[in-house]
Amino acid sequence: MHNPQVPETLEGWSVLHQMFRVRRETLKTLAAPRRKQIEEEATSLLAPLEARKEGPSAAVNLLGHKGDLMLIHFRRTFDELSQIELRVACLGLHEHLLPTSSYVSIVELGLYDMTGKIHAELETRGLQRGTYEFDRAFDEEMARQRENVCFYPINKRRGEAKNWYTLPFEKRAAIMREHGLIGRAYGTQVTQIISGSIGLDDWEWGVDLFADDPVVFKKLIYEMRFDEASADYAEFGPFFIGLQFSAGNLPAFLEGGTPSL
Amino acid sequence: MHNPQVPETLEGWSVLHQMFRVRRETLKTLAAPRRKQIEEEATSLLAPLEARKEGPSAAVNLLGHKGDLMLIHFRRTFDELSQIELRVACLGLHEHLLPTSSYVSIVELGLYDMTGKIHAELETRGLQRGTYEFDRAFDEEMARQRENVCFYPINKRRGEAKNWYTLPFEKRAAIMREHGLIGRAYGTQVTQIISGSIGLDDWEWGVDLFADDPVVFKKLIYEMRFDEASADYAEFGPFFIGLQFSAGNLPAFLEGGTPSL
Amino acid sequence: MHNPQVPETLEGWSVLHQMFRVRRETLKTLAAPRRKQIEEEATSLLAPLEARKEGPSAAVNLLGHKGDLMLIHFRRTFDELSQIELRVACLGLHEHLLPTSSYVSIVELGLYDMTGKIHAELETRGLQRGTYEFDRAFDEEMARQRENVCFYPINKRRGEAKNWYTLPFEKRAAIMREHGLIGRAYGTQVTQIISGSIGLDDWEWGVDLFADDPVVFKKLIYEMRFDEASADYAEFGPFFIGLQFSAGNLPAFLEGGTPSL
Amino acid sequence: MHNPQVPETLEGWSVLHQMFRVRRETLKTLAAPRRKQIEEEATSLLAPLEARKEGPSAAVNLLGHKGDLMLIHFRRTFDELSQIELRVACLGLHEHLLPTSSYVSIVELGLYDMTGKIHAELETRGLQRGTYEFDRAFDEEMARQRENVCFYPINKRRGEAKNWYTLPFEKRAAIMREHGLIGRAYGTQVTQIISGSIGLDDWEWGVDLFADDPVVFKKLIYEMRFDEASADYAEFGPFFIGLQFSAGNLPAFLEGGTPSL
Amino acid sequence: MHNPQVPETLEGWSVLHQMFRVRRETLKTLAAPRRKQIEEEATSLLAPLEARKEGPSAAVNLLGHKGDLMLIHFRRTFDELSQIELRVACLGLHEHLLPTSSYVSIVELGLYDMTGKIHAELETRGLQRGTYEFDRAFDEEMARQRENVCFYPINKRRGEAKNWYTLPFEKRAAIMREHGLIGRAYGTQVTQIISGSIGLDDWEWGVDLFADDPVVFKKLIYEMRFDEASADYAEFGPFFIGLQFSAGNLPAFLEGGTPSL
């Protein structure tokens, strides 16, 4: 039904993460027609944004008390981020959302291609892009999966003894090469987007990870922790973890069903 | 009455801890039939979950202002964690619960067997499993005890001088062996579940302890503090302490009675 | 009128400190008879608890925005702590109390004897216990005084350089002996209860001090700060300071009068 | 109109700082007569307290979101602090005040004489105390000025390397002498009150500064920062900054006018 | 339409930053005429303040959950800051604003000239000041751009090993010279205002940056981070990021439109 067509590369794009707690206690006091209207209004704003090349938005069902819903908006400019933030703020749904956190950054590295892994897999099954069979298998695959999403901000340490920013360039480059090797080893299991936020938000970088299996986040980040890059020089902010779902399923999510991707 | 049949090992299971303050001030404004309905709805969701092998949920009556109720959900996948979280969020009771904290992790080590200690004790009394006498003695024992529960998250220190992640493997293994010896010495008094949360939540591990006598938590953790593992390398998050109770007694708990296990 | 008969020693007792802000803005919207009923219900729960040997509860009028009312409950078990917490939570007064903090611990050292100092003083005046004159003088003395109370939690430092838990036993013992000497020098002016909370709450110990003159708290803790135990190894949590009062005077306190002890 | 007659020295006095946000959104929903009544009740409590020798109270209009109104109460005892806190809590105005912070301490050093500078200046103009001209000029001067107030708490550092409390006495005395010289150089421009709060509140000392020009606070504290006392050993808490005003002008302040001193 | 005429230099001016969340959920419950009235009242206060030489005020549409609206007020005195804060607090709009943060400081360095860059550009196009064509082109340019704004507070580190305030004067001067060179290299792309807040607010300085392109903030601050001034001695507070807009467009902003400059 939905078919996210996102740009192949997101480098240079502005990003806004918005985390909300859903106030079900007020939402459910509404008469059913009004609630339906609110849910459809939100869906009709967000669903078309998932697929568009000119800056997609994605919806994530967060686990735990830090929030229930995370929206990730990619846009060309901060002006466009401001526009989508204001449009979300004017939704009837918004008064039933409690903002709990947010993050502003600009993508530095990363291929945001949540369909790519499925495409690759379908092709290994011998299916050809553009055929009816391919599209149908794709839709089935999408419906079957709810992709896990992990977002967290990081700093490079500027301690009194261990200080990333006073290391010589060559040393930093060598450490990052080693760090990159671990990431690459997980490349088939996890997609990552690194966005920079120095001068924009409270940490230096934001990291988005996408994987079918959340244990991959745990293994990847655990393995990295023994790296010089992480062991000596990384500081980690709060982790937001959840499952991506299609904005078309927002009404189901708001009604308490488990939304499929 | 209730007879928790939980899996023998929980390794690899996903876990969600949810901490709530109970808003008795709004709950008690409800008419008695509505309150009863709400309490029964919550009980009929949670009570069957306690006993099931396919991912149990447990209820804990917390002490102090950090929360009144803690739910611990063990599930096969994050998708199932999301499902139970959404089902709890849709309970009529939920608008009378204020989320105060939560924790997402994956079990690494631990035998969650709250019935095991009782079984062992009954067998030392000469009772045989499967007999009527055994079952009756078991139920009496369960009713008599309210097991104490302690949950807290930890990090391994990555200080500028003392850094766990830059120690050589052999050194870390030796430290953990010593640490494990203390834990084992308390094995008959305390059950522990270690879950990992690197990449999933704000600390690296979560620890759940279960014991008949809370002073055991204090003695065990005090003794461990002099260990190299804790003394030099452990950072402790907030402690949540309380008494487990049967979800079947949720109405009693919500009405202010002290729920028995 | 009230005559606190508390146990001579509290070692091994479980303790719950509860800090509340009194929501006078909602309390005063109640009709006078309802308010009176609420105040009497709370008084009839708490007043009998002050005097009982089997685990007393005490009421403190806190200064400042961290809370207005602190209840200190001593009980034999955590189960009993849970019971009194639930009973307080079910009071009509509770919806007019905002929980701001709490502390769970187990007494390690301390003689809680708020009547002892008065008794000693009366005997130096030549009055004899058990006589009518003694009892009358005692009641007058109690009414005259409002004892100052100070509660704060502490940790022993586990810094990268200064680490209490890596010191040899003899060194720790010597430091604590010196520390104890200062405490003892203030013994006639201040009563202290040390409770342990490793594994139970967010700090390692809780300290309760009781004195006629609050400047004694300041002098004692200032003097101790130059000790090796405090200077190098103590970390201090928030301080709660106030004046103890008889729970029988709870209605006066809630109505804004200054409650006498 | 008002003529603050405060004691020449405040050493040994107990102090309570109370910071509040004014809830204008609820205050303005009141009918004008009720609002007037509330404002007058608060004024009639606070205005007489400004001038009295037996423990004055002062009102400050804070800048920024940390609070709108700060009350500073000087009293002989904590019991009297508790009394004034309870009297403020029982004002009709109180439900329109949101407590945002507070501070409990005992004055160690400082001459609180907000009239002294004006007196001195009037005398240099040749006016004589006790004459009609002096009193009139005094009142004009008071109305003309709104004195700036700065409050902040501090600790002496107990770092692992730099630790105030392990320095020898002579060293500490020398550092404080040097520190005092800077303070004295600003003596004609700024009045300061140092109060101790070890054992009473979360920091070790509180500092109140009063000056005609707020840039003096910035210059004084900047200059001090290069001192050994500040550079190496001071830790600073939150700063509260505002303008003192006469409690008689509380209604004007609450109605949104800028209250004069 | 609006034509900000701000002073050429702001050195010595007092500044108040106010951050608010807009409570659209309450604002939209108002009847349209009342909402219009509120929006016009706020606009008629703020719009004239943008242009005035005697202390301008500016409006910024913040991104993310830290706030929706930031007002920056420049005034001659703290008394005037208090006046504008009280006038904002008495607006009908104010009860629909939730204060989330604020900052009080005094400008030390900086040319606040948001029209300067446009003027310079128009002149390079051959347009002459004072002509009709210049004014029209200016207005078009202003409407076309929404200037990006970044505000954050900083401290100079007073670590136990790295301590800015114990460095000799010459060393500090050399470090700041180098630091200034980077800033100057970005001078055509970014305008900065440095204000001091030692003794006034919780950090030592506040930094305001203005640029057409937000990536400039990221590049500038990233490049500076390798400087000795930042790498070794800077501590950064929260970052507030957004887009300046004309207060005349406040109604459009409040109605959810994206306000142009």
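Residues numbered from 1 in each chain as written. Chains lettered and ligands numbered in written order. Predicted model: local features only at pLDDT ≥ 70, side-chain atom pairs only at ≥ 80, totals over all residues. Heavy atoms only, no water.

Trainee: Mind laying out the overall build of chain A, listing which residues take part and the relevant values?
Mentor: Regarding its fold elements, chain A presents nine helices and nine strands. In chain A, which comprises 261 residues, the share counted as buried stands at 60%. Total accessible area on chain A stands at roughly 10,100 Å², and carbon and sulfur atoms take up 53% of it. (Helix = DSSP H or I, 4+ residues; strand = E, 2+ residues; numbered from the N terminus. Buried < 20%, exposed > 50% of the residue type's maximum accessible area, 1.4 Å probe, protein only. Areas by Shrake-Rupley, 256 points an atom, 1.4 Å probe, with all protein chains shown as cover.)

Trainee: Mind laying out the confidence of the model for chain A, listing which residues take part and the relevant values?
Mentor: All names here are of chain A. Looking at chain A as a whole, the pLDDT averages 87, with 87% of positions reaching at least 70. Counting interchain partners and residues more than four positions distant, the pLDDT-below-50 stretch residues 1–7 has 26 contacts. Across the interfaces of the predicted complex, the ipTM metric reaches 0.85, alongside a pTM of 0.88. (pLDDT = per-residue confidence, 0-100. Contact = heavy atoms within 4.5 Å.)

Trainee: How would you explain the interface of chain E and chain A if you had to name every residue and give the values?
Mentor: If you look at the interface, chain E gives 43 residues, while chain A gives 36 residues. Surface buried jointly by chain E and chain A totals about 3,200 Å² across both partners, of which 58% is contributed by carbon and sulfur atoms. The tally of links from chain E across to chain A stands at five salt bridges. The partner of Glu-108 of chain A in a salt bridge is Lys-218 of chain E, with the nearest N and O atoms 2.8 Å apart. Put simply, chain E and chain A have 19 residue pairs in polar contact (both at pLDDT 80 or more) between them. Secondary-structure elements contributing two or more residues to the side of chain E that touches chain A are α1 (24–27), β2 (57–62), β5 (148–156), α7 (215–224), α8 (228–231), β8 (234–236) and β9 (240–245) of chain E. Per-element tally for the side of chain E that touches chain A: the top contributor is α7 of chain E, with five residues. Across the side of chain E that touches chain A, the residue classes tally to 19 nonpolar, nine polar and 15 charged. (Buried area = accessible area lost by both parts, 1.4 Å probe. Salt bridge = Lys/Arg side-chain N within 4 Å of Asp/Glu carboxyl O. Polar contact = N/O pair within 3.5 Å; in protein donor to acceptor, adjacent residues only side chain to side chain. Nonpolar A, V, L, I, M, F, W, Y, C, P; charged D, E, K, R; others polar.)

Trainee: Please provide a residue-by-residue account of the relation of the copies chain D and chain C, values included.
Mentor: Between the two copies of the chain lies a relationship made up of a rotation around an axis and a movement along it. Overlaying chain D with chain C gives an RMSD of 0.1 Å, the required rotation being 72° about an axis along which the chain moves by 0.0 Å. Read as a symmetry element, the transformation amounts to a five-fold axis. With a heterologous cut-off of 20% or less, the 6% of interface residues of chain D that recur at the interface of chain C puts this contact in the heterologous class. (Least-squares fit on C-alpha atoms with pLDDT ≥ 70 in both.)

Trainee: Lay out the domain arrangement of chain A in plain terms, naming residues and giving numbers.
Mentor: All names here are of chain A. The assigned domain composition of chain A is domain 1 (14–108) and domain 2 (115–243). A C-alpha centroid distance of 23 Å is found between domain 1 and domain 2. Tallying the contact residues gives 21 residues for domain 1 and 22 residues for domain 2. Here domain 1 meets domain 2 over a buried area of about 1,700 Å², counting both sides, of which 64% is carbon and sulfur. (Domains from an automatic or database assignment.)

Trainee: Describe the pairing of strand β6 (residues 190–196) of chain D, with residues and values.
Mentor: Along any regular strand the residues' side chains alternate between the sheet's two faces. Residue and element names in this part refer to chain D. In terms of residue burial, β6 counts as a mostly covered element, since six of its seven residues are buried. Bridge count for β6 against strand β7 (residues 205–211) is seven bridges, and the pairing is antiparallel. Bridge assignment links Val-190 to a residue of β7, and that residue is Ala-211. (Pairing = 2+ DSSP bridges.)

Trainee: I'd like a rundown of the interface of chain D and chain C, residues and numbers included.
Mentor: With 36 residues of chain D at the interface, the matching set in chain C holds 43 residues. Here chain D meets chain C over a buried area of about 3,200 Å², counting both sides, of which 58% is carbon and sulfur. The tally of links between chain D and chain C comes to five salt bridges. Note that Lys-66 of chain C is salt-bridged to Asp-201 of chain D, the shortest N-O span being 2.8 Å. Applying the counting criterion to the chain D and chain C interface returns 19 residue pairs in polar contact (both at pLDDT 80 or more). Among the secondary structure elements, those contributing two or more residues to the side of chain D that touches chain C are α3 (78–89) and β4 (97–110) of chain D. Among the elements that line the side of chain D that touches chain C, the one with the most residues is α3 of chain D, at eight residues. Here the side of chain D that touches chain C is built from residues that sort into 14 nonpolar, 12 polar and 10 charged.

Trainee: Please set out the nonpolar core residue by residue, giving values where relevant.
Mentor: Core analysis: the biggest nonpolar cluster contains 167 residues, and Leu-209 of chain A, Leu-209 of chain B, Leu-209 of chain C, Leu-209 of chain D together with Leu-209 of chain E have the highest contact counts within it. Residues within four places of Leu-209 of chain C in sequence aside, it is in contact with Asn-148, Val-149, Cys-150, Tyr-152, Val-190, Thr-191, Gln-192, Phe-217, Leu-220 and Ile-221 of chain C. (Core = buried A, V, L, I, M, F, W, Y, C linked by side-chain atoms within 4.5 Å.)

Trainee: I'd like a rundown of the side chain of Asp-68 of chain B, residues and numbers included.
Mentor: Residues and elements named next belong to chain B. By the element assignment, Asp-68 lies in the loop between β2 (57–62) and β3 (69–75). In this structure, Asp-68 is buried with no salt-bridge partner, the nearest side chain bearing the opposite charge being Arg-21 at 5.1 Å. Of note is the side chain of Asp-68, whose polar atom sits 2.8 Å from the backbone nitrogen of Val-22. (Lys, Arg positive; Asp, Glu negative; His and termini not counted.)

Trainee: Let's hear about the pattern of salt bridges: which residues, and what values?
Mentor: Inspection of the entire model under this criterion finds 51 salt bridges over all chains. Its salt-bridge partner being Lys-66 of chain C, residue Asp-202 of chain D comes within 2.7 Å of it at the nearest N-O pair. Remark: Lys-66 of chain C occurs in the loop between β2 (57–62) and β3 (69–75) and Asp-202 of chain D occurs in the loop between β6 and β7; the pair is interchain, linking two chains.

Trainee: Tell me about the packing of helix α6 (residues 169–185) of chain D against helix α7 (residues 215–224) of chain D, and please be specific about residues and values.
Mentor: Residues and elements named next belong to chain D. Running from N to C, α6 and α7 point in directions that differ by 160°, and their axes come no closer than 10 Å. By the angle class used here, α6 and α7 are roughly antiparallel. Between α6 and α7 lies a crossing of right-handed hand. Along its contact with α6, which presents His-179, Ile-182 and Gly-183, the element α7 presents Leu-220, Glu-223 and Met-224. Grouping the constituent residues of the contact of α6 with α7 by class yields three nonpolar, two polar and one charged. (Axes fitted to C-alpha atoms, helices over the stretch in contact; angles between N-to-C directions. Parallel < 35°, antiparallel > 145°, perpendicular 65-115°, else oblique. Left-handed = near helix turned anticlockwise from the far one by under 90°.)

Trainee: Explain the environment of Glu-40 of chain C to me, and be specific about the residues and the numbers.
Mentor: Residues and elements named next belong to chain C. Mapped onto the elements of the fold, Glu-40 is located in helix α2 (residues 32–51). Residue classification places Glu-40 among the partly exposed positions, given a relative accessible area of 43%. For the pair Glu-40 and Asp-213, spaced 173 residues apart in sequence, the C-alpha to C-alpha distance is 31 Å.

Trainee: Describe helix α6 (residues 169–185) of chain E, listing the residues and the values that go with them.
Mentor: Residue and element names in this part refer to chain E. For α6, spanning 17 residues, the distance from its first C-alpha to its last is 25 Å, which sits close to the expected 24 Å at 1.5 Å a residue. Regarding α6, the residues found buried are Arg-172, Ile-175, His-179, Ile-182 and Gly-183. For α6, the arc enclosing every buried residue in end-on projection is 100°, short of the 170-degree limit, so these residues lie on one face. Relative to its buried face, α6 has exposed residues pointing more than 90 degrees away, namely Phe-169, Glu-170, Arg-177, Leu-181, Arg-184 and Ala-185. Summarising the contacts, the buried residues of α6 are in contact with α7 and α8. (Expected span 1.5 Å × (residues − 1). Arc of directions from axis to C-beta.)

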